[in-house]
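# Fold and contact review
Read off the chains here:
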Amino acid sequence: MARVSVSIGSNIDRDRHVRACLDALAATFGALAVSRVFESEPVGFEDGRNFYNLVAVFASDWPVGELQAWCKRLEFANGRRKDSPKFSPRTLDIDLLTVGDLTGFQDGVELPRAEILHHAFVLLPLAELLPDARHPLTGRTYRDHWASFAAGDQRLWPVEFVWAGRTISRAD
């Protein structure tokens, strides 16, 4: 079984779609480790609606292509449209970040996902959830990557969030 990490984002009916995603992940893959939920300003989007972002980790022996297809089906089941422009509001966005220590293109998916090292809304939740885990390409821990990350104008902040009857995130 490989440790799989996914980033989850939504800027349309955020609470409902993030909860639906976590419910589906737990129902399909079992136990989840979940980061705090962060609100962030959109990066590259013309629509100014803020996102909720978080990272979830679970174990799976599925091939990368099946994991990717499952994530896309869940996005579409939650109202994401195939014909939506790249930087448009989204009900749900799920991206495979890592699958074990796999690197390079696997079933058409590049691993680890490049956004890990470029976007605060991916790196911070991952660094909080798996601080001592090592990036498969750099060999550095996610904690170290976050400590040296230049966030610039990528603002994000934790928000109150309850899932499955428990508080998984608190606002600072």
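No experiment lies behind these values; they were computed from the predicted model shown.

### Here we look at the packing of aromatic side chains
Summed over all chains, the structure comprises 5 aromatic pairs. Residues F29 and W70 carry aromatic rings whose centres are separated by 5.2 Å and whose planes lie at 75 degrees to one another, so their mutual orientation is edge-to-face. Of the two residues, F29 sits in helix 1 (residues 14–29) while W70 sits in helix 2 (residues 64–77), which places them 41 residues apart along the sequence. Note on F29: relative accessible area 12%, which makes it buried. You can call W70 buried: its relative accessible area is 11%. Members of the aromatic cluster, connected to one another through ring pairs, are F29, F58, W62 and W70. Looking at R19, its charged tip hangs above the ring of F161, at a distance of 4.6 Å from the centre.

### Points about helix 1
Taking 1.5 Å of rise per residue, the 16 residues of helix 1 would be expected to cover 22 Å, and the 22 Å separating its terminal C-alpha atoms lies within 8% of that figure. Turning to helix 1, its buried residues number three or more, namely H17, V18, C21, L22, A24, L25 and F29. For helix 1, the angular spread of the buried residues around the axis is 160 degrees, confining them to a single face. Exposed residues on helix 1 whose side chains face more than 90 degrees from its buried face are R16 and A27. Count one or two residues on from helix 1 and you reach G30, which has phi positive near 90 degrees.

### Some remarks on the pattern of salt bridges
Using the criterion set out here, one finds 10 salt bridges in the structure. Measuring nitrogen to oxygen at the nearest pair gives 2.5 Å for the salt bridge that ties R36 to E128. One end of the pair, R36, is in the loop between strand 2 (33–34) and strand 3 (38–40); the other, E128, is in helix 3 (residues 120–129), and 92 residues separate them in sequence. Judged by relative accessible area, which is 35%, E128 ranks as partly exposed. Several salt bridges share partner residues, and in doing so they unite D95, R113 and E115 into one network.

### So, the pairing of strand 10 (residues 166–169)
The sheet contact formed by strand 9 (residues 161–163) and strand 10 spans 3 bridges and is antiparallel. Within the sheet, the bridge partner assigned to V162 lies in strand 10 and is T167. Between strand 9 and strand 10, which follow one another and run antiparallel, lie 2 residues, and A164 among them has a positive phi close to 55 degrees.

### Here's the deal with the nonpolar core
One finds V6, I8, L22, L25, F58, L96 and F161 to be the most contacted residues of the largest nonpolar core, which totals 31 residues. Looking at this core, the elements that each hand over two or more residues are strand 1 (2–10), helix 1, strand 4 (51–60), helix 2, strand 5 (93–99), strand 7 (109–111) and strand 9. At 6 residues, the largest contribution of residues to this core is made by helix 1. Dropping the residues within four chain positions of it, L96 is found in contact with V4, S5, V6, V64, L67, Q68, C71, V109, L111 and R113.

About the cut-offs
- Residues numbered from 1 in each chain as written.
- Predicted model: local features only at pLDDT ≥ 70, side-chain atom pairs only at ≥ 80, totals over all residues.
- Heavy atoms only, no water.
- Phe/Tyr/Trp six-rings, centres within 6.5 Å; stacked < 30°, edge-to-face > 60°.
- Helix = DSSP H or I, 4+ residues; strand = E, 2+ residues; numbered from the N terminus.
- Buried < 20%, exposed > 50% of the residue type's maximum accessible area, 1.4 Å probe, protein only.
- Lys NZ or Arg CZ within 6 Å of the ring centre and 35° of its normal.
- Expected span 1.5 Å × (residues − 1).
- Arc of directions from axis to C-beta.
- Salt bridge = Lys/Arg side-chain N within 4 Å of Asp/Glu carboxyl O.
- Pairing = 2+ DSSP bridges.
- Core = buried A, V, L, I, M, F, W, Y, C linked by side-chain atoms within 4.5 Å.
- Contact = heavy atoms within 4.5 Å.

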